[in-house]
Amino acid sequence: MKEDAYWIRDQVQKHNKWFEESLPMIASENLMSPLAKEMMISDFHDRYAEGLPGKRYYNGNIYVDKVELKCIELAQRIFKCQFADVRPISGTVANMAALMALTKPGETITCTSLDHGAHISTAKFGAVGFRGVNTVTYPFDTNDMVIDVDGAAKLIREVKPKVAQFGLSVFLFPAPLKELNDVFNEVGCTVWYDGAHVLGLIAGGRFQDPLHEGAHVLTASTHKTFPGPNHGIVLGHNLNEELSKKLSSAVFPGVTSSHHLHAMAALAVTMAEWEIYGEKYAAQVCKNAKALGQALYELGVEVLCSHKGFTESHTIAVNVAEHGGGSEAANLMERANMIANKNMIPGDKSAMNPSGIRLGSQELTRVGMKESEMKEVAALIHRVVVKKESPEVVKKDVMALKRNFTKVRYCLNEGEEAYAYHKLV
Ligand SMILES: *Cc1c(COP(=O)(O)O)cnc(C)c1O
C-alpha cells in the first residue's frame, strides 16, 4: 500500500534523525564516508557479477571488474597480503567460507567460548554448527581478559585441531598468536583469525597483525572499526595454491551468489580513503577508548581491566551489576540518546540479563570526538546509569554535545553530514 511505503520511509527518517542526535557506542558499528555511501545507491546495487573479474557468468561487468580488481589490490596493499577475496557479504558469510575451505564436517577446531567474548559464528547454533564442526574452547584468564597461553598450548597439543581459531566480539587485548606459533607448527593446524571487530585497528597498525604473526587466514566484517559498508572479507598470506582456490570457491559458489556490488564498491572507496586517513583514525580510536575507560573509572564505575589500562582496542567492558545490571543500564542510556548494548562479562550466566555493558569508541571518533569529549561522554553515562538522573533531562545535554559532531571525518569530502545521502533519497 502507498501509505505503508511512505510510513516505512518516515520510520527510517526518524531513525536517521535520532541517531544524528545520539551518541552511538555499539562496538560493532560505524559510519561510512559520504563518497562510500554514494556507491550504495548506485546502479551497482542492481546487478550481478558471479565469479571473478574477467571470469564472470554474466555480461555487463566491464566497470564492476575494474572496481573489484582495484578493491583486491587495495586490500592486498593495506593488509600486506597476497590473498584477498572481497566478495563475502558479511563477516558471518566470510566465516562460513573459511569453515567450508578449512574444515570438513566432523572435524574439530579450537576456539574461544562465547562467555569469554567469542562470536556466535563459533557456536554450535551458529556457522560452526552449520558446518558440523566440533569445538573445544581455550582456557581463559578472566582477570586479564586474554586466552591462557599455557593452557591453550596444552589444549592444542592434546586436541590436535584441524584449525586453531581466534578472535572475539569483546576484544580488549590481542590473541596470543606469536606465543603459540611453535605449537601451531608442531601440530600442523591451520590458524584462522576472525578480525571482524578489529579490522580497522589491524589496518591502522594499532592492534596485532594476525597475518604476520602466524595466522594463515583472516576473516572480517568491514563495517566495525574498519568504517566501510556492511560487508565481509577473507584475507590470506603465504597460502598455497590449493588453499587459495579452496577459499575462493568457498566464497563463490559456496556461500554467495550475488556479492553486493554496491557494497564492494563502497569497500573499495573506504580502502582508498583509508590509505590517506586510516592510521590517524585508528590511533585516535584507541586513545579515545582508553580515555573513556579512564574517565568512567575516575567516576567510580567498574571498568574491566583497570590494571591493564582497560583496553588495547576500541572496546571497553563495564560492570554495572551494582547499578541494576546491563539491561537496565543500556535501556536508561537509550532513553538519553546514548546507544550501547548489554553484554555478558566473566561469571555471568544469562545473556538476556548480564552484568555488563560494552562500549566502543570507533563511531564517536569517526565524527571527530577526542579525549576531552570522552570525558563528557563518561559523565553523561555516569549521570543516567549511576546517579539515576532522569534520562530525559540528560538527553538534552547529550543532544547539545552531539550537535557539534554530526559530520564524518577521516575521509574525502570530510565535513558532509553523516546522513546526507539519506536526506537526499
Ligand atoms: C560481528 C562479528 C562477526 C559477524 O559479522 P557480520 O558482518 O555481522 O556477519 C563475526 N565475528 C566476530 C568476532 C564479530 O564480532
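Our subject is the structure that appears above.
Residues numbered from 1 in each chain as written. Predicted model: local features only at pLDDT ≥ 70, side-chain atom pairs only at ≥ 80, totals over all residues. Heavy atoms only, no water.

**So, the sheet that holds strand β11 (residues 217–221)**
Turning to step 1, where the next piece is worked out: As summarised here, the arrangement of the seven strands in space is β4-β12-β11-β10-β9-β5-β6, forming an open sheet in which the pairing is mixed. Of all strands in the sheet, those with a lone pairing partner are β4 (83–85) and β6 (134–137), marking the two edges. Ignoring strand direction, the axes of neighbouring strands in this sheet form an average angle of 20 degrees.
Turning to step 2, where the next piece is worked out: Of the strand pairs in this sheet, β11 and strand β12 (residues 232–236) are connected by five bridges, and their pairing is antiparallel. Residue pairing across strands places A220 opposite I233, the latter belonging to β12.
Turning to step 3, where the next piece is worked out: Together, β5 (108–111) and β6 form the strand contacts of helix α6 (residues 149–159), whose direction differs from that of β5 by roughly 180 degrees. (Pairing = 2+ DSSP bridges. Helix = DSSP H or I, 4+ residues; strand = E, 2+ residues; numbered from the N terminus. Axes fitted to C-alpha atoms, helices over the stretch in contact; angles between N-to-C directions. Contact = heavy atoms within 4.5 Å.)

**Remarks on the nonpolar core**
Turning to step 1, where the next piece is worked out: Formed by 67 residues in total, the largest nonpolar core has its most connected members in F166, F184, Y193, L235 and M271.
Turning to step 2, where the next piece is worked out: Per-element tally for this core: the top contributor is helix α10 (residues 261–298), with eleven residues.
Turning to step 3, where the next piece is worked out: The residues contacting F184, other than those within four sequence positions of it, are I156, A164, F166, L177, C189 and V191.
Turning to step 4, where the next piece is worked out: A330, A336, L359 and I381 belong to the second-largest nonpolar core, a separate cluster that totals 37 residues. (Core = buried A, V, L, I, M, F, W, Y, C linked by side-chain atoms within 4.5 Å. Buried < 20%, exposed > 50% of the residue type's maximum accessible area, 1.4 Å probe, protein only.)

**Regarding the sheet that holds strand β14 (residues 315–319)**
Turning to step 1, where the next piece is worked out: In space, the four strands of this open sheet follow the order β13-β14-β17-β16, with antiparallel pairing throughout. Since the sheet does not close on itself, it has two edges, and those belong to β13 (302–303) and β16 (341–343), each with one partner.
Turning to step 2, where the next piece is worked out: Two elements, β14 and strand β17 (residues 356–360), share five bridges in a ladder whose sense is antiparallel. By the bridge assignment, V318 is partnered in β17 with I357.
Turning to step 3, where the next piece is worked out: Contacting β13, β14 and β17, α10 runs over the sheet at an angle of about 20 degrees to β14.
Turning to step 4, where the next piece is worked out: Helix α11 (residues 325–335) contacts β16 and β17 of the sheet and is inclined by roughly 45 degrees relative to β17.

**Some points on the layout of surface pockets**
Turning to step 1, where the next piece is worked out: In this structure, the second largest pocket encloses a volume near 400 Å³.
Turning to step 2, where the next piece is worked out: Lining the second largest pocket are 21 residues, with L114, A118, S169, V170 and N343 positioned closest to its centre.
Turning to step 3, where the next piece is worked out: Partitioning the lining of the second largest pocket into residue classes produces ten nonpolar, seven polar and four charged. (1 Å grid on protein atoms, 1.4 Å probe; cavity = no way out; pocket = protein on both sides within 12 Å on 5 of 7 lines; lining within 4 Å. Points joined across faces, edges and corners; volume = space filled by probe spheres on them. Nonpolar A, V, L, I, M, F, W, Y, C, P; charged D, E, K, R; others polar.)

**Points about the pattern of salt bridges**
Pairing between side chains of opposite charge can happen when the charged atoms of each approach one another.
Turning to step 1, where the next piece is worked out: Under the defined criterion, the tally for this structure stands at 18 salt bridges.
Turning to step 2, where the next piece is worked out: Among the salt bridges present, the one from D43 reaches R47, with a minimum N-O distance of 2.6 Å.
Turning to step 3, where the next piece is worked out: R47 gets classed as partly exposed once you look at its relative accessible area, which sits at 41%.
Turning to step 4, where the next piece is worked out: Measuring nitrogen to oxygen at the nearest pair gives 3.7 Å for the salt bridge that ties K245 to E241. One end of the pair is K245 and the other is E241, both in helix α9 (residues 241–255) and four residues apart, which spans about a single turn. No difference in accessibility class separates K245 from E241, as the two residues are exposed.
Turning to step 5, where the next piece is worked out: Salt bridges here are not isolated pairs; linked through shared partners, they connect K70, E73, R77 and E275. (Salt bridge = Lys/Arg side-chain N within 4 Å of Asp/Glu carboxyl O.)

**Notes on a positive patch on the surface**
Turning to step 1, where the next piece is worked out: On the surface, R206, K280, K287 and K370 cluster together into a patch of positive charge.
Turning to step 2, where the next piece is worked out: If you trace the backbone, K287 turns up in helix α10.
Turning to step 3, where the next piece is worked out: In this structure K287 comes out as partly exposed when scored by relative accessible area, which is 44%. (Patch = residues over 30% accessible without salt bridge, like charges linked within 9 Å, V, L, I, M, F, W, Y side chains within 5 Å. Areas by Shrake-Rupley, 256 points an atom, 1.4 Å probe, with all protein chains shown as cover. Lys, Arg positive; Asp, Glu negative; His and termini not counted. Charge placed at Lys NZ, Arg CZ, Asp CG, Glu CD.)

**Observations concerning the site of the ligand**
Turning to step 1, where the next piece is worked out: Among the 14 residues in the neighbourhood of the ligand, the closest are listed as G91, T92, S169, D194 and K224.
Turning to step 2, where the next piece is worked out: Take H119: an N or O atom from its side chain is 3.4 Å from a nitrogen atom of the ligand.
Turning to step 3, where the next piece is worked out: Take H223: an N or O atom from its side chain is 3.5 Å from an oxygen atom of the ligand.
Turning to step 4, where the next piece is worked out: Protein coverage of the free-state accessible area of the ligand, which is 380 Å², stands at 87%.
Turning to step 5, where the next piece is worked out: Among the elements that make up the shell around the ligand, the one with the highest residue count is helix α4 (residues 91–102) (three residues). (Near = heavy atom within 4 Å. Polar contact = N/O pair within 3.5 Å; in protein donor to acceptor, adjacent residues only side chain to side chain.)

**Quick word on the packing of helix α13 (residues 371–385) against helix α14 (residues 391–402)**
Turning to step 1, where the next piece is worked out: Across the interface, α13 lies against α14 with an axial gap of 9 Å and an inter-helix angle of 170 degrees. On the basis of their axis angle, the class for α13 and α14 is roughly antiparallel. Across the interface between the two elements, E373, E376, V377, L380, R383 and V384 of α13 pack against P391, V393, V394, D397, V398 and L401 of α14.
Turning to step 2, where the next piece is worked out: Residues that form the contact of α13 with α14 fall into these classes: eight nonpolar, no polar and four charged. (Parallel < 35°, antiparallel > 145°, perpendicular 65-115°, else oblique.)

**Looking at the environment of N319**
Turning to step 1, where the next piece is worked out: With respect to the element layout, N319 can be found in strand β14.
Turning to step 2, where the next piece is worked out: Since its relative accessible area comes to 16%, N319 is described here as buried.
Turning to step 3, where the next piece is worked out: Residues N319 and M344, spaced 25 residues apart in sequence, show a C-alpha to C-alpha distance of 9.2 Å.
Turning to step 4, where the next piece is worked out: Once you skip the residues sitting within four places of it in the chain, N319 turns out to touch E302, L304, I345, S355 and G356.

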